[in-house]
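Residues per chain are reported as follows:
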Amino acid sequence: MTHFRAYLAGLWAALVLAAFPVAAQTQIETQDTEPTLAPLPTPSLNFYGVPGLIDMPGGGTLPDGQFTLTYSFFGGTSRYSATFQALPWLSGTFRYNSIRNWNLGGFRTYYDRGFDVRFRLKQESRFWPEITLGLQDFIGTGIYASEYIVATKQFNTPALSPGRLPGRLSLTAGVGWGRLGSYNSFGSPFGANRPGFDPSSVGGEVAYEQWFRGPASLFGGFEYRPDDRWALKAEYSTDAYRTETQRTNVFERKSSVNFGLEYQATRTTRLGLYYLYGSELGFSAQFQLNPRFPPVRLAAPAPGPIQPRPARAQNPEAYSEEWVASASVPLGLRAQVTEALRSEGLTLEHLTLRANSAELRFRNTRYRSESIAIGRAARVLAAILPASVETLRLVPVQGGLARVATTMRRSDLEALEFQPNATEALLAVTGIGEAGPVPA
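Residues numbered from 1 in each chain as written. Predicted model: local features only at pLDDT ≥ 70, side-chain atom pairs only at ≥ 80, totals over all residues. Heavy atoms only, no water.

Draft legend 1. Structural context of the overall build of the protein. Across its full length, the protein holds 7 helices and 20 strands. Looking at the protein as a whole, 46% of its 440 residues are labelled buried. For the protein, contacts bridging at least 24 residues in sequence account for 57% of all contacts bridging at least 6. When the accessible area of the protein is evaluated, it comes to approximately 22,300 Å², of which 58% is carbon and sulfur surface. (Helix = DSSP H or I, 4+ residues; strand = E, 2+ residues; numbered from the N terminus. Buried < 20%, exposed > 50% of the residue type's maximum accessible area, 1.4 Å probe, protein only. Contact = heavy atoms within 4.5 Å. Areas by Shrake-Rupley, 256 points an atom, 1.4 Å probe, with all protein chains shown as cover.)

Draft legend 2. Spotlight on the sheet that holds strand β7 (residues 130-136). Read around the closed barrel, 12 strands run β3-β4-β5-β6-β7-β8-β9-β10-β11-β12-β13-β14, paired in antiparallel fashion. Looking at each pair of strands side by side, their axes are set apart by 20 degrees on average, direction ignored. (Pairing = 2+ DSSP bridges. Axes fitted to C-alpha atoms, helices over the stretch in contact; angles between N-to-C directions.)

Draft legend 3. Quick peek at the packing of aromatic side chains. As enumerated under the stated definition, the model contains 19 aromatic pairs in all. Between F74 and F251, the ring centres sit 5.5 Å apart and the planes meet at 65 degrees, which makes this aromatic pair edge-to-face. Here F74, found in strand β3 (residues 67-74), pairs with F251, found in the loop between α3 (242-247) and β12 (257-264); they are 177 residues apart in sequence, far enough to count as distant. Take F74 and F251: they sit in the same class, and that class is buried. Geometrically, the ring pair formed by W89 and F119 is stacked, given 6.4 Å between the ring centres and 20 degrees between the ring planes. One end of the pair, W89, is in the loop between β4 (77-87) and β5 (90-99); the other, F119, is in strand β6 (residues 110-122), with 30 residues separating them in the sequence. Look at W89 and you get partly exposed, because its relative accessible area is 42%. (Phe/Tyr/Trp six-rings, centres within 6.5 Å; stacked < 30°, edge-to-face > 60°.)

Draft legend 4. A look at the environment of E417. With respect to the helices and strands, the residue E417 is situated in the loop between α6 (410-416) and α7 (422-428). Residue E417 is classed as partly exposed on the basis of its relative accessible area of 23%. Residues E417 and I306, spaced 111 residues apart in sequence, show a C-alpha to C-alpha distance of 7.3 Å. Excluding its chain neighbours within four sequence positions, the residues that come into contact with E417 are P305, I306, R379 and A422. Polar contacts involving the side chain of E417 include one to the main-chain amide nitrogen of I306, which spans 3.0 Å. (Polar contact = N/O pair within 3.5 Å; in protein donor to acceptor, adjacent residues only side chain to side chain.)

Printed below as a string of structure tokens:
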């Protein structure tokens, strides 16, 4: 037991010391008071649908409430996984597997389902890695049954070029039992009585008496993200795949080192291509969703107030139209409108300014309701444009095509803002029609 602890501690120390030049630029942000940790990127998922490397697990934890779907394939094996981060320190996974060329127990293709649970033991800090304990396939037939303790530490790395954000290096080391202890084991620190997988098993029972029993092996690897899109992975796998390679002919295992390249296609979708066990190409698709950050906002925060113009009789100079002839004023107004729209989740496509009217064409990148987007755009124009501009024409653009145009008077916005029937009253005095071509 003492030998095992020293071995694990030595492996982790070697990984940290190897990355020491990088660790000098870790995720610590220095402020005037005391250093604080910068937010870490969401962990990528492994072939089992849990935070990890490629076929091995990692110590990372998903954000609270995160729901993920993963499909992975290599060597005739398909895995469909759904993971939910139920608590900040607890997650569960349901998985459905299919293995071709099985030819055991009367099955040509073997189908199986299993359940995982992961517990975070230690949250990552300046000097500590994230440490996680996992029970893999602990209720199913046990074909993938394994237990593990794994740690992952993340480090900032220098930017690839001036002006670029720094990269991110993640180092992982762990010890596994069961499937993860089936190759290059260093012994059985907690006992050796662990039966092998029975192809005739129907599962459904918790074999807790086997947990952390039998041979154990040390695994590890790294993930390098040069930017927020791409990631390179490499790992040392301790899964011997004995049933797939010795009792059946699913694939041939020639190496314990796996490599992968992943691409973050969208905020919620990650794709990966891999070379596994010296003989197989693999693919994975990861989808991560969180109710705290929906792809499309279901509700919008309260809008800013309408900025009323001064009365014309009291301040006629404010309604001067001389600004139209200026070369710099319209350019400055466009810059202000562009920035204000961006803060509202809108993108300026085209702005036409005249002494008494303005037409704004914009893209809505935030709101599910187009009427909310039009209202936000109208308030932006009312807050920025000179007082002489009375008519506002708002045209949403989607896929490069202009949609229906909404025309309203600025004075109606000012007069009806606090009226109890403002929505109905404003609709009654608002014009809706074809957008037409962009004004010359």
